[in-house]
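So you can see what is in the structure, the chains are spelled out below.
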Amino acid sequence: MYQGRTMFKIFRACKMRPTRMGFEPTRAEHNGLAVHRLNHSATSSCALPFRRLCTSVTFRLKMVDSQYYLPNDIGISALDCSEAFRLLSPQEKMYAHYLSRASWYGGLVVLLQTSPESANIFVLLQRIFRKQTPAQLEQVATAAGLSSEEYQAFLVYAAGLYANMGNYKSFGDTKFIPNLPKDKLKALVWASQAFQEQPAEMEALWDSCSCLLYSLENRQKQLGLGDKGITTYFSGNCCLEDAELAQKFLDSKKLSAYNTRLFKKEDGGKACYEVRLASAVQKDCAVDGECESCCGSFSFEDKEFTVKRGDYSRVMEKVCYYLEKAQAYAANENQRKMLEEYTRSFTLGSIDAHKEGSRYWIKDKGPIVESYIGFIESYRDPFGSRGEFEGFVAVVNKAMSERFAKLVSSAEVLLPELPWPQEFEKDTFLKPDFTSLDVLTFAGSGIPAGINIPNYDDIRQTEGFKNVSLGNVLAVAYATQKEKLTFLGEGDKDLFIKWKGPSFEVQVGLHELLGHGSGKLFVQDDMGKFNFDQSKVINPETGEPVSSWYRGSETWDSKFSTIASSYEECRAECVGLYLCLNKQVLSIFGHEGQDADDVVYINWLSMVRAGLLGLEFYTPESKRWRQAHMQARFVILRVLLEAGEGLVGLEEVTGEDGKPDAQITLDRSKIPTVGKNAIHRFLCKLQVFKSTADVEGGRAFYDKYSTVSDTGAHNFLRLRETVLLRKEARKMFVQANTRISGDSVELVEYEGSAAGLIRSFTERFQDDAEQLESGLLELSKQDAPCWC
């Protein structure tokens, strides 16, 4: 073992030379695909003497090399919503259609939020496939010298670009590049009809993105801030200190960071910052509907800040256009006012208007067509404050929604069971809408299984929120084949396959409703008023009165910044584990007796296994986690291992194929005792740190369990290599389109394949394709100097 690791270190040292393709392991998405095309990768001569090294070293090269590709056999499934859509009334279909259009156009913003090259790659692909379908282009590819495997690799890359709305994976934030030689891809582009018709334009487009399309220099392998990775939320010269200063400035102006980007410039040796608001309007002065403008120039801590409108303006105009169209088909006044406020938000760049829209959205109880749109989740902002654009439109699944409604009705009974004192819980539980939905449209970088929104703390704490579970996503995303199940004993696999879906349904319900929906934040407002009794509330961890809290415009995200997302996901996951032991909860979901016990066992086993799988999303070189949920699950694994008493076992073994493997065991008899007690203690600490705004204590506590090392009882760095060795690709989804035909709306569906996913996108924007593509290129071009 020592000899093998030494040889690998020598090999790695050799590969450190500058090459066209890096080999530092970050995230992998598929299962040991042998990379056979290496003329565009790091195949410098220094690798040649090592070809006779042991098999494990050779395999490790292939494993690491393949991390930046999507495999040709990646799972691609169509999201079925045909029956749900068929049952809508003509008015509801029109409403869903126009909301979908607004969402799809808004989703294009994600290209500009992901990487400097994403929008240009998107336009390149759109121009190719608008002229020739994947089937038509295949003959061209063959004539250009591509093998069938290489052409399929191109289709998979294109599908991945569309599904992730950029060339970085939405789950893990790692770059992916085409799994075919660059000269082969260039030959295909040159042979395409699009190139034949517009050679100068296509060559210029290729030149604008082809270098970055294939580049795997260290900084470009993952998203991050400064030298940690690539981001377009900040200009390339920004670092963490700039992000922290900007957050202080925004707080001082009571401006949310959700719809902003930050650009830093030097003026006479002095740093100047430009805060851009996403809006259709480009005027910085007060416009219709405003008493005064939030824009202008300001001095803050001896630095100059300018707040400007107009970011993504061309795209925001389209979003507003379709939201206004949707208003005519709204079912009630709440929906109309909601859309009016959203339109005002995206027109003026106003988060306050979006909050107003969200308030009307919360009041719109039990709609047949559910939707939400805006700059929502902050997972991909390296600082954790700026929201990625997303929009969804979905139809209620009434049968499953009845179960969630029962869970909501039981919430006030279940909340007191959580392990923190009553004073740390919200004064009043505001019963939310909780529905199961079949997704018609989900525009953004990825599709979750469940959502708890809005994310505005002031609204969530005092006015409420909504929960949704995405039923048709759950139906296909978490289907598991026995032969692909890793790290479980044979005795657990059949039970896992049987109960994974039902147990995850329970976990999602508890996670969203009582996880994200629970817990109080202690706040002192701008007038000095507290929302808790300072003289009576005791910190259960110290036995002393609470001594810290949120002040003024501080929020959970702005205060806990870089760890906020993962910490909160961990808290919600723990609530799910803790409350799934409740027989009443299991009964609500239809599980009794032995079935209920099996659901609990598989839910906990799934979490433990997910914690191990989470190692895929950890980067040893930067000691950084790249995915909030998977970091959270690894933390929970660490907590349960620490509980001891034989609750969880994690053993490194050799697989039947002779390669490194691992096996997880969970003593189901100890879940209600050892397991519950461990989660009880951990969850209480998480909530106390969160409620009291104790960033220093919370960060130290969470970082301790997030640490991945090669010391201690388990060598997690070595286990990470095993996880990468046996990983499975994350599925991609093909979504339908809607189109107006006469007085009605038709649903246009596509096959669950790379070709189907590509066709769905080329047909999605065909009405104004050339204008749209020119607009995206212009937006990309005007910011290009900012990334250097």
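Everything here concerns the structure above.
Just so you know, these numbers come straight off a predicted model, no measurement behind them.

> Tell me about the overall build of the chain, and name the residues and values.
Per the secondary structure count, the chain includes 29 helices and 19 strands. For 788 residues, the compact-globule formula gives about 28 Å, and the C-alpha radius of gyration of the chain, at 26 Å, lands near that figure. Burial analysis of the chain (788 residues in total) assigns 60% to the buried set. Per element, the accessible surface of the chain, about 30800 Å² overall, is 48% carbon and sulfur. Looking at charge distribution, the chain has the averaged site of its 94 positive side-chain charges lying 4 Å from that of its 105 negative ones.

> Just give me the short version of the environment of asparagine 531, but keep the residues and values in it.
Mapping asparagine 531 onto the fold places it in the loop between strand E11 (523-524) and strand E12 (550-551). Its relative accessible area of 30% is what places asparagine 531 among the partly exposed residues. Those residues within four positions of asparagine 531 in sequence are excluded, and the remaining contacts are Asp427, Lys520, Leu521, Phe522 and Val523. Only 2.8 Å separates the side chain of asparagine 531 from the backbone nitrogen of valine 523, close enough to count as a polar contact.

> Account for the sheet that holds strand E8 (residues 433-443), naming residues and giving values.
Strand order in this open sheet of five strands is E6-E7-E8-E10-E9, and the pairing throughout is mixed. One side of each edge strand has no neighbouring strand; the edge strands of this open sheet are strand E6 (369-377) and strand E9 (450-453). Averaged over all adjacent pairs, the angle separating strand axes in this sheet is 35 degrees, with direction ignored. Bridge count between E6 and strand E7 (residues 388-396): eight bridges; the pairing is antiparallel. Its bridge partner lying in E7, tyrosine 372 is registered against phenylalanine 392.

> Which residues make up the nonpolar core, and what are the values?
One finds Leu108, Phe122, Phe154, Met316 and Phe346 to be the most contacted residues of the largest nonpolar core, which totals 119 residues. Residues within four places of methionine 316 in sequence aside, it is in contact with Val109, Ala278, Ser279, Ala280, Asp311, Phe346, Phe375 and Phe389.

> Let's hear about helix H4 (residues 90-107): which residues, and what values?
Over its 18 residues, H4 runs 25 Å from end to end, which matches the ideal 26 Å to within 8%, given 1.5 Å per residue. Among the 18 residues in H4, 15 count as buried, and that is most of the element.

> Any chance you could break down the pairing of strand E19 (residues 744-748) for me, citing the residues and the numbers?
Looking at chain direction, strand E18 (residues 737-741) and E19 are connected through five bridges and run antiparallel. Across the sheet, the residue bridging to isoleucine 740 is valine 745, located in E19. Between E18 and E19, which follow one another and run antiparallel, lie two residues, and glycine 742 among them has a positive phi close to 70 degrees.

> So, the sheet that holds strand E5 (residues 303-311): which residues are in play, and what are the values?
Pairing is mixed in the open sheet, where four strands are placed in the order E2-E3-E5-E4. At either margin of the open sheet sits one strand with a lone partner, and together these are strand E2 (260-267) and strand E4 (296-300). The average angle at which neighbouring strand axes cross in this sheet is 25 degrees, direction not considered. Bridge count between strand E3 (residues 270-278) and E5: six bridges; the pairing is parallel. Residue pairing in the sheet places alanine 278 in a bridge with aspartate 311 of E5.

> Provide a residue-level description of the state of the cysteines, including the pertinent values.
By the definition in use, this model includes zero disulfides. Distance from the sulfur of cysteine 574, which forms no disulfide, to the nearest cysteine sulfur (cysteine 570) is 4.4 Å.

> So what about the packing of helix H6 (residues 118-131) against helix H28 (residues 754-764)? Which residues, and what values?
Packing of H6 against H28 leaves a shortest axis separation of 10 Å and a crossing angle of 95 degrees. With respect to their mutual orientation, H6 and H28 come out roughly perpendicular. Between H6 and H28, the contacting residues are Phe122, Gln126, Phe129 and Arg130 on the first element and Ile758, Phe761 and Thr762 on the second. In terms of residue class, the contact of H6 with H28 is made up of four nonpolar, two polar and one charged.

> Outline helix H15 (residues 351-363), supporting the account with residue identities and numerical values.
Given a rise of 1.5 Å per residue, 13 residues ought to cover 18 Å, and the 19 Å separating the end C-alpha atoms of H15 matches this to within 8%. Of all the 13 residues making up H15, ten are buried; the element is thus mostly covered by neighbouring parts of the structure. Among all positions in H15, only Ile351, Ala353, His354, Lys355, Gly357, Ser358, Arg359, Tyr360, Trp361 and Ile362 are buried. Those residues of H15 that are buried lie in contact with helix H14 (333-348), E6, E9, helix H18 (457-462) and strand E10 (466-470). Looking at where H15 begins, the residue whose side-chain oxygen comes 3.4 Å from the main-chain nitrogen of aspartate 352 is serine 350.

> Explain unusual backbone geometry to me, using residue names and the numbers behind them.
The omega torsion across isoleucine 453 and proline 454 is 5 degrees, close enough to zero to call that bond cis. One can find proline 454 in the loop between E9 and H18. One non-glycine residue, aspartate 302, adopts positive backbone phi at about 65 degrees. Although it is not a glycine, lysine 623 adopts a positive phi angle of roughly 55 degrees.

> Run through the packing of helix H21 (residues 556-579) against helix H24 (residues 628-643), naming residues and quoting values.
Packing of H21 against H24 brings their axes to within 8 Å, and their N-to-C directions diverge by 55 degrees. In terms of orientation, H21 and H24 fall into the oblique class. Handedness of the crossing formed by H21 with H24: right-handed. Contacts between H21 and H24 involve Ser565, Ser566, Glu569, Cys570, Glu573, Cys574 and Leu577 on the former and, on the latter, Ala628, His629, Gln631, Ala632, Arg633, Val635 and Ile636. Its residues assigned to classes, the contact of H21 with H24 comprises seven nonpolar, four polar and three charged.

Rules of the game
- Residues numbered from 1 in each chain as written.
- Predicted model: local features only at pLDDT ≥ 70, side-chain atom pairs only at ≥ 80, totals over all residues.
- Heavy atoms only, no water.
- Helix = DSSP H or I, 4+ residues; strand = E, 2+ residues; numbered from the N terminus.
- Rg over C-alpha atoms; globule rule 2.2 N^0.38 Å.
- Buried < 20%, exposed > 50% of the residue type's maximum accessible area, 1.4 Å probe, protein only.
- Areas by Shrake-Rupley, 256 points an atom, 1.4 Å probe, with all protein chains shown as cover.
- Lys, Arg positive; Asp, Glu negative; His and termini not counted.
- Charge placed at Lys NZ, Arg CZ, Asp CG, Glu CD.
- Contact = heavy atoms within 4.5 Å.
- Polar contact = N/O pair within 3.5 Å; in protein donor to acceptor, adjacent residues only side chain to side chain.
- Pairing = 2+ DSSP bridges.
- Axes fitted to C-alpha atoms, helices over the stretch in contact; angles between N-to-C directions.
- Core = buried A, V, L, I, M, F, W, Y, C linked by side-chain atoms within 4.5 Å.
- Expected span 1.5 Å × (residues − 1).
- Disulfide = S-S within 2.5 Å.
- Parallel < 35°, antiparallel > 145°, perpendicular 65-115°, else oblique.
- Nonpolar A, V, L, I, M, F, W, Y, C, P; charged D, E, K, R; others polar.
- Left-handed = near helix turned anticlockwise from the far one by under 90°.

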